[in-house]
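# Per-entry structural report
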Amino acid sequence: MTKLFTPYTLREITFKNRIAVSPMSQYRAKDGYANDWHLVHLGRFALGGAALVYAEATAIEADARRTHGDLGIWEDGQIEKLKQITSFIAQEGAVPAIQLSHAGRKASERRPWHGETPVDDEDVAERGEAPWQAIGPSAIPYADGWPTPLEMSEEDIQRVIASFGQAARRSLEAGFKMIEVYAAHGFLVHQFLSPIANKRTDGWGGNAENRRRFAVEVAKSIRAHWPDTYPLAFRLSATDWLDGGVEVEDTVETAKALKAAGVDIIDCSTGGIGGKDRPRRMVIEQGFQVPFAEQIRKDADLPTMAVGFLWDAKACADLISNGQADMVALARELLDDPNWPLHAAAELEADENHAAWPIESGWWLMKRDRLLKKLGLR
Ligand SMILES: Cc1cc2nc3c(=O)[nH]c(=O)nc-3n(C[C@H](O)[C@H](O)[C@H](O)COP(=O)(O)O)c2cc1C
């Protein structure tokens, strides 16, 4: 059996295969509250055979949202609907996970289909959605034309670290079995890690060790509220793809520091620290971020998840069996085909006669296959 379809265990949580649903923001929440959209969106991936289903970037404070539509976990009332979602995912044999997020200087942004530009008075007129003040490690805007964030005070930093811990407590109550911290794509934790966004001269900046301190403190704060038996992941941008930014060698050191703080796996993405233009060094091809997962896995001696432009079942199976990563995470391919893991299992001969499908559909598909074969139709 190809290793892609063998179980994998982190702490005391076992995934039935190595396939994760990468976090995908839906911008469909109201005041941070989940609804039936999130239940169906995430639920269908559990039915489709993925072992790990990540809920999207979920704000740990109201102002930590990127857009007005972001999911939130900053108040206890938000737990109830999330509980229904985790219960469904777990009942269908997948592990429910949550990505905890603070947008930092990227807060107060329009949804992608409203322009992915800063919220302003136009949004108040059109949707009753007002802009709010963003914060960041330094008073440097995300890109030209973006508002300048307020530089976080020591009090702000301690409050946000504590909010990550409280969000972990709520995640546990909501039934999640794994947490991932969104420390990539130019969001707050990444802003602290990157010399491009962090120009502080106190204990939270000035050198690589200080810049990684915020991420480490966030990990510790979460671990204080999160069971030893449950895994903790960090999604890192392995490189900023920009001169003067984070390079993979820095990320290896960050991964080692996070490992010492109780982190179990690094989800290896890249980019996003500033502006919407693709950096010149970033060349996109199938699996272009896999080498980072491989290097971090080897040099930091920590499990990794590979993500980004993966869609071919054989390529995913190969990268797992070659030891380049321990899991794969897919996003857009799963939007196109939520049953991708089940189809991949058939293609790689890890499933026969739709046995891996929920019986409510697998039964009929197996019978149809038999009939089609008998009639020589397919
Ligand atoms: C609709 C959509 C929403 C996304 N939202 C998030 C998110 O909330 N958190 C995150 O870390 N990445 C987010 N991403 C990035 C994906 O998780 C993934 O890293 C990226 O799309 C590359 O993988 P793919 O080529 O399989 O789509 C999003 C991507 C899409 C398509």
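This text follows the structure it describes.
The structure displayed is predicted, hence computed values, not measured ones. (Residues numbered from 1 in each chain as written. Predicted model: local features only at pLDDT ≥ 70, side-chain atom pairs only at ≥ 80, totals over all residues. Heavy atoms only, no water.)

With that settled, consider the packing of aromatic side chains. Counted under the stated rule, the structure contains 12 aromatic pairs. Measuring from centroid to centroid gives 6.2 Å for F288 and F309, while their planes differ by 70°, and the two rings are edge-to-face. Separated by 21 residues along the polypeptide, F288 in the loop between β11 (265–269) and α8 (290–299) and F309 in the loop between β12 (304–307) and α9 (313–321) bring together distant segments of the chain. Put simply, the rings of W241, F288, F292, F309 and W311 pair up and form one aromatic cluster. Above the plane of the ring of W132 lies R65, whose end atom (NZ or CZ) is 5.8 Å from the centre. (Phe/Tyr/Trp six-rings, centres within 6.5 Å; stacked < 30°, edge-to-face > 60°. Helix = DSSP H or I, 4+ residues; strand = E, 2+ residues; numbered from the N terminus. Lys NZ or Arg CZ within 6 Å of the ring centre and 35° of its normal.)

Attention now moves to a nonpolar patch on the surface. Nonpolar side chains collect at one region of the surface, where I284, F309 and W311 lie side by side and expose about 250 Å² of accessible area between them. Residue position: W311 is located in the loop between β12 and α9. Judged by its relative accessible area of 36%, W311 falls in the partly exposed class. (Patch = residues over 30% accessible without salt bridge, like charges linked within 9 Å, V, L, I, M, F, W, Y side chains within 5 Å. Areas by Shrake-Rupley, 256 points an atom, 1.4 Å probe, with all protein chains shown as cover. Salt bridge = Lys/Arg side-chain N within 4 Å of Asp/Glu carboxyl O. Buried < 20%, exposed > 50% of the residue type's maximum accessible area, 1.4 Å probe, protein only.)

Another point: the pattern of salt bridges. Evaluated as defined, the whole model comprises 28 salt bridges. R235 is the partner of E180 in a salt bridge, and the nearest nitrogen-oxygen pair spans 3.7 Å. Of the two residues, E180 is situated in strand β9 (residues 178–183) and R235 in strand β10 (residues 232–237); the sequence distance between them amounts to 55 residues. For the pair formed by E180 and R235, the shared burial category is buried. Linking R297 and D326 is a salt bridge whose minimum nitrogen-to-oxygen distance equals 2.8 Å. Of this pair, R297 sits in helix α8 while D326 sits in the loop between α9 and β13 (327–330), and the two are 29 residues apart along the sequence. Taking relative accessible area as the criterion, R297 reaches 26% and is therefore assigned partly exposed. Here the salt bridges do not stand alone but share partners, grouping R110, R111, D120, D123, E126, R127 and E129 into one network.

Taken together, 15 residues surround the ligand, and among them S22, S25, Q99, F309 and R332 come closest. Here S22 contributes a side-chain N or O atom positioned 2.7 Å from an oxygen atom of the ligand. Its free accessible area being 600 Å², the ligand has 82% of it covered by the protein chains. The site holding the ligand turns out to be the largest pocket. Within the shell around the ligand, the residues separate by chemical class into eight nonpolar, five polar and two charged. (Near = heavy atom within 4 Å. Polar contact = N/O pair within 3.5 Å; in protein donor to acceptor, adjacent residues only side chain to side chain. 1 Å grid on protein atoms, 1.4 Å probe; cavity = no way out; pocket = protein on both sides within 12 Å on 5 of 7 lines; lining within 4 Å. Sits in = over half its atoms within 2 Å of the grid points. Nonpolar A, V, L, I, M, F, W, Y, C, P; charged D, E, K, R; others polar.)

We now examine the layout of surface pockets. Considered as a void within the structure, the largest pocket measures approximately 1300 Å³ in volume. The wall of the largest pocket is formed by 46 residues, among which Y182, H185, R235, S269 and R332 lie closest to the centre. If you list the elements that add at least two residues to the lining of the largest pocket, you get β13 and α10 (332–336). With three residues, the single largest contributor to the lining of the largest pocket is α10. (Points joined across faces, edges and corners; volume = space filled by probe spheres on them.)

On to empty space enclosed by the protein. This structure, assessed with the given rule, holds one cavity of 30 Å³ or more. The calculated volume of the largest cavity comes to roughly 40 Å³. Along the walls of the largest cavity sit A57, T58, A59, A64, R65, R66, D70, S101, A103 and F187, which together make up its complete lining. Ranked by residue count, the leading element in the lining of the largest cavity is strand β4 (residues 52–59), at three residues. Residues belonging to the lining of the largest cavity are distributed by class as follows: five nonpolar, two polar and three charged.

This paragraph deals with the nonpolar core. F15, L52, M178, F214, I222, F234 and I266 are the most contacted members of the largest nonpolar core, which has 106 residues in total. With eight residues, the next largest nonpolar core counts A57, A134, A184 and F187 among its residues. (Core = buried A, V, L, I, M, F, W, Y, C linked by side-chain atoms within 4.5 Å.)

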